[in-house]
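# A closer look at the structure
Listed below are the residues making up each chain.
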Amino acid sequence: MNTSETHVLKFGGTSLQNPNYIKQSTQIVMDRTQQAHPFVVVSALEGVTDALIELTKDIGKKTDLIETGVDNLRQKHLTIFDKLTDGQHKKRNRLDKLFDELTQDLHKLSLDIENKRALKDRILSIGERASALIFASVLSSNGLPAESFEAHQFIKTDSTFGKAKVKQDTTRKLIREYLQQSKFVPVVTGFIGSDSQNRITTLGRSGSDYTAGLVADALNADHLEIWTDVNGVLSADPRWVPTAQSIKELSFGDITELSAHGAKVIHPQTIRPIQDKGTTVLVKNSYNPSHPGTSITSGFESNGALKTITVTGPFVKLQVDETHAFELFSKLTEWSEQETDSEAVGFKTSSEFEPARFILRQSFFEKVSNLLGQWASSRDVVLDLQSNLFKVKKFSNHFSDDESLSKRIWDLLVSNNLQPINAERNLDERFISFLFDRQDAQLAARLLNDYLQGDQKVIDLFVAGTGAVGHTLLKQLKSLEPEGITFRLIGACNSRNALWQEEGIALKNDIDWSDSEPTNWELLIDKLTAPHRNNLIFVDATGSEEVARLYPQLFENGTHIVTPSKLANTFEQAFFDDLQSLIKENNTSFRYETTAGAGLPVISTLNELQSAGDSITEISGVVSGTMTYLFNQLEQGVPFSEAIVDAREKGYAEPDPRDDLSGEDVARKFLTLARTLGYKIEREQIAVESLIPEALRDVDKDTFLDQLSNYDQTWEQRISAAQNKGQTLRYTGRFKDGKVNIGIEVLPKDSPIGQLKGTDNLIQIFSDLYNQTPLVIQGPGAGKEVTAAGVLADILKTARSLS
Ligand SMILES: NC(=O)C1=CN([C@@H]2O[C@H](COP(=O)(O)OP(=O)(O)OC[C@H]3O[C@@H](n4cnc5c(N)ncnc54)[C@H](O)[C@@H]3O)[C@@H](O)[C@H]2O)C=CC1
Ligand SMILES: N[C@@H](CC=O)C(=O)O
């Protein structure tokens, strides 16, 4: 272990949500030992604290649920322990015993025989105590000796259970005593401490981050890392603004300011212990560890120019006539005396002739609604109420020195027909805030965020088809952060479901289809071609004729299209010609690089050669990844029928694999290449040798796959015959003199095409310039990863070309 630097790494529940993430988090710690001495702080596994809180609610009424509730949690933890460790019996027993302790404490809570608040904190502590044990055991099982520490041994607090106040000096001293002498990597429970009677306390919201700050302070750490589920601190909450950008750098002061305005960033308490120490803080994404995240340092100067938007709520707007306003104000002030939330009650009156307006935090309103009702009815006052409202807030130093900033913000809202229910600028002009209903708040937050990013271009995407290619594309898109471009996925669909979210669908691991509707292209095309659309890229990853036939409508509306589907380019020549005219007339773009050679640069090479004045005379070779795979499998003794099923499962073959075997896929590729060169050819003019047995040409897909094994022997004999002569089979095509020929060729095994492996394609281009030796493009020509990457490259090229 490198001990020259001290790093404190804190992993939140989202970084510990399942065995894979726990493994990944422990790997981060193991890698860190090359550079520093790591000290780890962990939260409870994702969902565990919520489950514990749920168990404590109304416990008196549901003692029968204690056993099952605890058992679920016990199993969850033990299963992960067993999966990730080499069975360290002592630690496993300790983990198991924690849940016995939990059962006893829940029973005590139901009997009401001990201080309830203290008992609840002890119950909540189980989550962190269990996760620290697991984390340390996983590290040890992987060869990095580690030791779990229960922080109530050394984090000393007062007795305010639920939100205990830390005694900094004692804590600092004890942390040093306990952790500095550890020979192993310490894994410390976040969130918990203990009072002077050694009763466990909890530290409140962001408690584990705070623990990490305390440990970093006591150990004079060089570096503190907070591992979470987003790319650092974002310009807005991504649930409201999917286009939120990660902020590269912040100062400690910025963090305090951001969270005071409601931003969900690390709690200022986290950095308070270390802000005068030169410790650097980094907020990183466990789902995307290579992303640089946000660095927080004391020295950074953002000069109040933070490009951030916060959305808070829900609020209730309450209006009364002016004569009762003052009395109601006094009442609300009295009822809110115990509230710590500074936004529980807001008051606004514009003139003595207008009703007075109160903006109440909805949770506060719910608490006092009975009192309010009584107050109103005893005075015959009519309360005008509007609930579920949200404040969209932008704060900046520049409102005072740049009057045009608030004007520009207003203009933006007005031009998008957004009328705030209330608007507010605070006294020292540091923020401007607007109240909207949920839908308008979402739109306003997104517009403001995008506008403030300024140099960011926002490109809307619709992805049709979430199969092998579409799904992989969405995954690749998730980890992409292109300079100057923000992609907003406004919709996605497959043959069953369509999801539309104007504000953008969050790019998580998988699309959540719960709000989707059955796919209906009539409705979708109406939305896609709505008059206000701008900078929309439609991605067709379906392979569906129904979808490809919609391109003219999309082009007419100025939509840009990127597709791996070969269909639109290979319908009747008239359709192709029509597309070309529409693209020109409407100044749109059509990129289809992946329709021949998947991710290989075939189409772009042809276009570049032609635009440089070269003239292509011949294109030949192998353009089917599935066929190369199939023949290679046959060479290795795999039956023909198995190889084709395997090719589909691996995502090489077409949605209907008969398109590969019939040669149709290769015909479409050559037709696309020829038409791209400007030749006018109909599909019927292309001669193709089909691998589909005569008897199976007219049966349905399932019968076809069922009966294919009847032909395994024929193929075995055919490949053996070739192999015996040092030859092999390849499916090739040639375009020359305006004609295309496609079929099986028997070639020497040691020829360049005979040697192709995997899903390789090999495309030879002869031209006026390349007339002796062809320009050769070779590489994997099928597969979801390479194809999706090619589609993504087309999307990026399109996006960069847009203003
Ligand atoms: N897999 C590969 O290696 C390559 C594939 N391609 C092309 O990419 C396209 C997609 O291929 P895969 O992802 O492998 O196919 P797939 O069968 O795995 O996925 C197709 C997707 O399209 C959806 N879909 C089909 N008809 C639809 C309709 N009418 N409306 C809405 N959604 C519909 C399906 O539900 C599915 O989500 C095809 O055109 C294929 O030729 C191109 C190059 C390489
Ligand atoms: N099924 C196709 C996929 C790429 O276009 C192939 O195997 O080449």
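Treat the numbers as computed from the prediction; the structure is a model and nothing was measured. (Residues numbered from 1 in each chain as written. Chains lettered and ligands numbered in written order. Predicted model: local features only at pLDDT ≥ 70, side-chain atom pairs only at ≥ 80, totals over all residues. Heavy atoms only, no water.)

### Some points on the overall build of the protein
What the protein contains, in helices and strands, is 27 helices and 29 strands. In the protein, which comprises 803 residues, the proportion classed as buried is 55%. Within the protein, residue pairs in contact and separated by at least 24 positions form 71% of the contacts whose partners lie at least 6 positions apart. (Helix = DSSP H or I, 4+ residues; strand = E, 2+ residues; numbered from the N terminus. Buried < 20%, exposed > 50% of the residue type's maximum accessible area, 1.4 Å probe, protein only. Contact = heavy atoms within 4.5 Å.)

### Quick look at the site of ligand 1
Neighbouring residues of ligand 1: 27 residues in total, closest Val469, Arg648, Gly651, Glu654 and Gly783. Contact distances for ligand 1 include 2.8 Å between an oxygen atom and a backbone N or O atom of Val469. Here an oxygen atom of ligand 1 sits 2.8 Å away from a polar atom, N or O, in the side chain of Arg648. If ligand 1 stood free it would expose 830 Å²; the protein chains cover 88% of that surface. For the shell around ligand 1, the elements supplying multiple residues, two or more each, are α15 (468-478) and α17 (545-548). Inspection of the shell around ligand 1 shows a minimum of three residues originating in each of domain 3 (457-588) and domain 4 (602-782). (Near = heavy atom within 4 Å. Polar contact = N/O pair within 3.5 Å; in protein donor to acceptor, adjacent residues only side chain to side chain. Areas by Shrake-Rupley, 256 points an atom, 1.4 Å probe, with all protein chains shown as cover. Domains from an automatic or database assignment.)

### Structural notes on the site of ligand 2
Every one of the 13 residues lining ligand 2 counts as a neighbour, but Lys566, Gly625, Thr626, Glu654 and Asp660 are closest to it. Here an oxygen atom of ligand 2 sits 2.8 Å away from a polar atom, N or O, in the side chain of Lys566. Only α21 (625-635) and α24 (664-676) provide two or more residues apiece to the shell around ligand 2. Among the residues making up the shell around ligand 2, the classes are represented as four nonpolar, four polar and five charged. (Nonpolar A, V, L, I, M, F, W, Y, C, P; charged D, E, K, R; others polar.)

### Topic: helix α19 (residues 573-585)
End to end, α19 covers 18 Å across 13 residues, agreeing with the expected 18 Å (1.5 Å per residue, within 8%). Of the positions making up α19, those classed as buried are Gln573, Phe575, Phe576, Leu579, Leu582 and Ile583. As for α19, its buried residues are in contact with α17, α18 (551-556), β23 (590-591) and α24. Phi turns positive, to about 55 degrees, at Asn587, one or two residues after α19. (Expected span 1.5 Å × (residues − 1).)

### Overview of the side chain of Asn632
Relative to the helices and strands, Asn632 is located in helix α21. Contact partners of Asn632, with chain neighbours within four places excluded, come to Arg730, Lys749, Leu756, Lys757 and Gly758.

### Concerning the packing of α15 against helix α27 (residues 784-801)
At their nearest, the axes of α15 and α27 sit 8 Å apart, and the two run at 60 degrees to each other. By the angle between their axes, α15 is oblique relative to α27. Where α15 crosses over α27, the handedness of that crossing is right-handed. Residues Ala468, Val469, Thr472, Leu473, Gln476 and Leu477 of α15 lie in contact with α27, whose contacting residues are Lys784, Glu785, Thr787, Ala788, Ala789, Val791, Leu792 and Ile795. Residues of the contact of α15 with α27, tallied by class, amount to nine nonpolar, three polar and two charged. (Axes fitted to C-alpha atoms, helices over the stretch in contact; angles between N-to-C directions. Parallel < 35°, antiparallel > 145°, perpendicular 65-115°, else oblique. Left-handed = near helix turned anticlockwise from the far one by under 90°.)

### Some details on the pattern of salt bridges
Proximity of charged atoms lets side chains of opposite charge pair with each other. Evaluated as defined, the whole model comprises 37 salt bridges. Asp105 is the salt-bridge partner of Arg122, the closest N and O atoms lying 2.6 Å from each other. Of this pair, Arg122 sits in helix α5 (residues 116-141) while Asp105 sits in helix α4 (residues 89-111); the two residues are 17 residues apart in sequence, bridging distant segments of the chain. You can call Arg122 partly exposed: its relative accessible area is 23%. Between Glu618 and Lys736 there is a salt bridge, with its nearest N and O atoms 3.9 Å apart. Within this pair, whereas Glu618 is found in strand β24 (residues 616-622), its partner Lys736 is found in strand β26 (residues 727-736), the two being separated by 118 residues in sequence. (Salt bridge = Lys/Arg side-chain N within 4 Å of Asp/Glu carboxyl O.)

### With respect to the sheet that holds strand β19 (residues 497-500)
With mixed pairing, seven strands are arranged side by side in an open sheet as β20-β19-β18-β17-β21-β22-β23. Of all the strands in the sheet, just β20 (517-518) and β23 have a single pairing partner and so form its edges. Where strand β17 (residues 457-464) and strand β18 (residues 485-493) come together, eight bridges link them in parallel fashion. Looking at β18, one finds that Val463 is bridged to Ala492. Where α15 meets the sheet, it contacts β17, β18 and β21 (536-540), and its direction lies at approximately 160 degrees from that of β17. (Pairing = 2+ DSSP bridges.)

### What about the packing of aromatic side chains?
This structure, assessed with the given rule, holds 20 aromatic pairs. Taken together, a centroid distance of 6.0 Å and an interplanar angle of 20 degrees make the contact between Phe11 and Trp227 stacked. Taken together, the residues Phe11 in strand β1 (residues 6-11) and Trp227 in strand β7 (residues 223-228) connect sequence positions 216 residues apart. Ring plane angle 80 degrees and centroid distance 6.4 Å describe the contact between Tyr551 and Phe555, whose orientation is recorded as edge-to-face. Of the two residues, Tyr551 and Phe555 both sit in helix α18, four residues apart, roughly one turn of that helix. Taking the relative accessible area as the measure of exposure, Phe555 reaches 0% and is therefore buried. One aromatic cluster is present, formed by Phe462, Trp500, Trp521 and Phe538 through successive ring pairs. Of note, Lys391 hangs over the ring of Phe315, and the distance from its end group to the ring centre comes to 4.4 Å. The residue whose ring lies beneath Arg549 is Phe575, and the NZ or CZ to ring-centre distance is 5.0 Å. (Phe/Tyr/Trp six-rings, centres within 6.5 Å; stacked < 30°, edge-to-face > 60°. Lys NZ or Arg CZ within 6 Å of the ring centre and 35° of its normal.)

### Quick look at the pairing of β17
Of all eight residues making up β17, eight are buried, and the element is well covered by its neighbours. By the alternation rule, side chains of β17 split into Lys457, Ile459, Leu461 and Val463 and Val458, Asp460, Phe462 and Ala464, which are all buried. With α15 bridging β17 and its parallel neighbour β18, the resulting β-α-β unit is right-handed. In this structure, β17 lies alongside β21, joined through five bridges in parallel fashion. Bridged to Phe462 within β21 is Phe538. (Right-handed = clockwise from strand over helix to strand, strands pointing away.)

### Some details on the sheet that holds strand β9 (residues 280-285)
Taking strand neighbours across the sheet as the criterion, the eight strands line up as β3-β4-β2-β1-β7-β9-β10-β8 in an open arrangement whose pairing is mixed. The open sheet is flanked by β3 (146-149) and β8 (249-251), the only strands paired with a single partner. If you compare each strand with its neighbour and ignore which way they point, the axes differ by 20 degrees on average. Relative to β9, β7 runs parallel, the two sharing six bridges. Following the sheet pairing, Thr228 is matched in β9 by Asn285. α5 contacts β1, β2 (37-42), β3 and β4 (185-189) of the sheet and is inclined by roughly 160 degrees relative to β4.

### Here's the deal with the confidence of the model for the protein
For the protein, per-residue confidence averages 90 on the pLDDT scale, and residues scoring 70 or more make up 95% of the total. Across the whole predicted complex the pTM is 0.59, and at the interface the ipTM reaches 0.99. (pLDDT = per-residue confidence, 0-100.)

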